[in-house]
Amino acid sequence: MGITSRREFLRAASLIASGMALPACGYSLAGRGSFLPASIKVIGVPMFTNNTPIFEIEKRITPRVISEFIGRGKYTIKPDANNVDALLTGEISSISVTPATFTPDRQASKYVITVVTKIEFRDVKADKVLWSTPYLPFREDYEVSNTTDINDAAAFLGQDVNALDRLAVELARSIVSAILEAF
């Protein structure tokens, strides 16, 4: 075997080995995996704590987290901590709105909304934390139709319910995916 054919052989062998290894990498359909113990059947999701100036944002985010868990179809979800196998507690630590792109007149045309949460998911029966993070940031881009300059997150989210609802849905999806898929 010459140098060229040896290289070609090694290249082909490495490609075949790589192709055979890919199915074992642990990839699965997003949202369908779960590392949770089989003993967890009922999950409690009490109202998140709101440490921001955004009035009642916890009442928008917590129900979306509950809906996202229900949508996964595998668990019974309760809105409290009583008689549950596992408990998800959350704290909304901060929310900021930052201009991201500007018009030629130097007016913001797109904003980035950033929400920072603190999440803990605990196996109540075993008294063991299964997943937690003290800092879970979530970013969502939002394009504005008017050219009003918005510097206050409370004013921005207070006047645009669609932005807040979209943010709550995507944040909930992110939280539940992180817990169920252990990323």
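Details of the structure are given in the entry above.
Residues numbered from 1 in each chain as written. Predicted model: local features only at pLDDT ≥ 70, side-chain atom pairs only at ≥ 80, totals over all residues. Heavy atoms only, no water.

1. Observations regarding the overall build of the protein
Then, in step 1: In terms of regular secondary structure, the protein is built from four helices and six strands.
Then, in step 2: Traced from its N-terminal end to its C-terminal end, the protein shows the element sequence α-β-β-α-β-β-β-β-α-α.
Then, in step 3: Of the contacts formed within the protein by residues at least 6 apart in sequence, a portion of 69% connects residues at least 24 apart.
Then, in step 4: When the accessible surface of the protein is totalled, it reaches about 10,900 Å², and 54% of it is carbon and sulfur. (Helix = DSSP H or I, 4+ residues; strand = E, 2+ residues; numbered from the N terminus. Contact = heavy atoms within 4.5 Å. Areas by Shrake-Rupley, 256 points an atom, 1.4 Å probe, with all protein chains shown as cover.)

2. A word on helix H2 (residues 58-72)
Then, in step 1: Given a rise of 1.5 Å per residue, 15 residues ought to cover 21 Å, and the 21 Å separating the end C-alpha atoms of H2 matches this to within 8%.
Then, in step 2: For H2, the full list of buried residues reads Glu58, Ile61, Thr62, Val65, Ile66, Glu68, Phe69 and Arg72. Within H2, the buried residues cover an arc of 160° as seen down the axis, which keeps them to one side.
Then, in step 3: Its buried side turned inward, H2 meets strand S1 (42-44), strand S2 (49-50), strand S3 (76-78), strand S4 (86-102), strand S5 (108-123) and helix H4 (161-181).
Then, in step 4: Immediately downstream of H2, the backbone of Gly73 shows phi near 75°, a positive value. (Expected span 1.5 Å × (residues − 1). Buried < 20%, exposed > 50% of the residue type's maximum accessible area, 1.4 Å probe, protein only. Arc of directions from axis to C-beta.)

3. Details of the packing of aromatic side chains
One pair of aromatic rings is described through two measures. These are the centre distance and the angle between the planes.
Then, in step 1: Evaluation of the coordinates by the stated rule reveals one aromatic pair.
Then, in step 2: Ring centres of Phe69 and Phe121 lie 6.5 Å apart, and the angle between their planes is 20°; this geometry places the pair in the stacked category. Highlighted residues: Phe69 in helix H2 and Phe121 in strand S5, separated in sequence by 52 residues. The pair formed by Phe69 and Phe121 is uniform in burial state, with each residue classed as buried. (Phe/Tyr/Trp six-rings, centres within 6.5 Å; stacked < 30°, edge-to-face > 60°.)

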